[in-house]
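# Report on the structure
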Amino acid sequence: MSQQQFENFTASSLYCEKCKAAMPVRERLLLILPDKEIYDYLCTGCGSSVGQREVTAGDKMMAQAMAPQRRRRAPVQRI
Ligand SMILES: [Zn+2]
């Protein structure tokens, strides 16, 4: 995964085919696996899924290291 892709995800905006524009997206936890979590990205304009993202344990550790105290938007639900 390249640095550019990572920046796209953190921008919380993805291209939506229905809206024909880059739209703000909502992140929804779709699936929890032993070694990774899969998130679904929903367009806030029309509600359709515009992408998915897999977060591995390594990615989570890196994200936490980069932003240790920031939890202003943390929809992750521990089950
Ligand atoms: Zn849309």
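Residues numbered from 1 in each chain as written. Predicted model: local features only at pLDDT ≥ 70, side-chain atom pairs only at ≥ 80, totals over all residues. Heavy atoms only, no water.

### Examining the coordination of the zinc ion
For a metal with four tetrahedral donors the ideal donor-metal-donor angle is 109.5 degrees, while six octahedral donors give ideal angles of 90 or 180 degrees. Cys-16 (SG), Cys-19 (SG), Cys-43 (SG) and Cys-46 (SG) make up the full set of protein donors to the zinc ion, lying at 2.3 to 2.4 Å. In this structure, the zinc ion is surrounded by four donor atoms whose angles at the metal cover 103 to 115°, and the resulting shape is tetrahedral. Going along the chain, you hit the donors of the zinc ion in the pattern C-x2-C-x23-C-x2-C. By relative accessible area, Cys-43 is classed as buried at 3%. (Donors = N, O, S within 2.8 Å, 3.2 Å for Na, K, Ca; no water. Tetrahedral: all angles 85-135°; square planar, octahedral: opposite > 155°, others 65-115°. Buried < 20%, exposed > 50% of the residue type's maximum accessible area, 1.4 Å probe, protein only.)

### Details of the environment of Gly-47
Tracing the backbone through its elements, the reader meets Gly-47 in the loop between strand E3 (36-43) and strand E4 (49-56). Taking C-alpha positions, Gly-47 is 9.8 Å from Cys-16, a pair spaced 31 residues apart along the chain. (Helix = DSSP H or I, 4+ residues; strand = E, 2+ residues; numbered from the N terminus.)

### Some points on the pairing of E3
Burial within E3 is extensive, with seven of its eight residues counted as buried. The turn linking strand E2 (residues 21-32) back onto E3 is made up of three residues. Taken together, E3 and the strand that follows it, E4, pair antiparallel across an intervening segment of five residues, in which Gly-47 is found at a positive phi of about 85°. (Pairing = 2+ DSSP bridges.)

### A word on the sheet that holds strand E1 (residues 13-16)
Sheet architecture is open: four strands sit in the order E1-E2-E3-E4, paired in antiparallel fashion. Only two strands of the sheet have a single neighbouring strand rather than two, namely E1 and E4. Going from strand to strand, the sheet's axes swing by 45° on average, the running direction of each strand aside. Sheet topology places E2 next to E3; seven bridges connect them, and they run antiparallel. What sits directly across from Arg-28, in E3, is Asp-40. With respect to the sheet, helix H2 (residues 57-66) is in contact with E3 and E4, its orientation differing from that of E4 by roughly 90°. (Axes fitted to C-alpha atoms, helices over the stretch in contact; angles between N-to-C directions. Contact = heavy atoms within 4.5 Å.)

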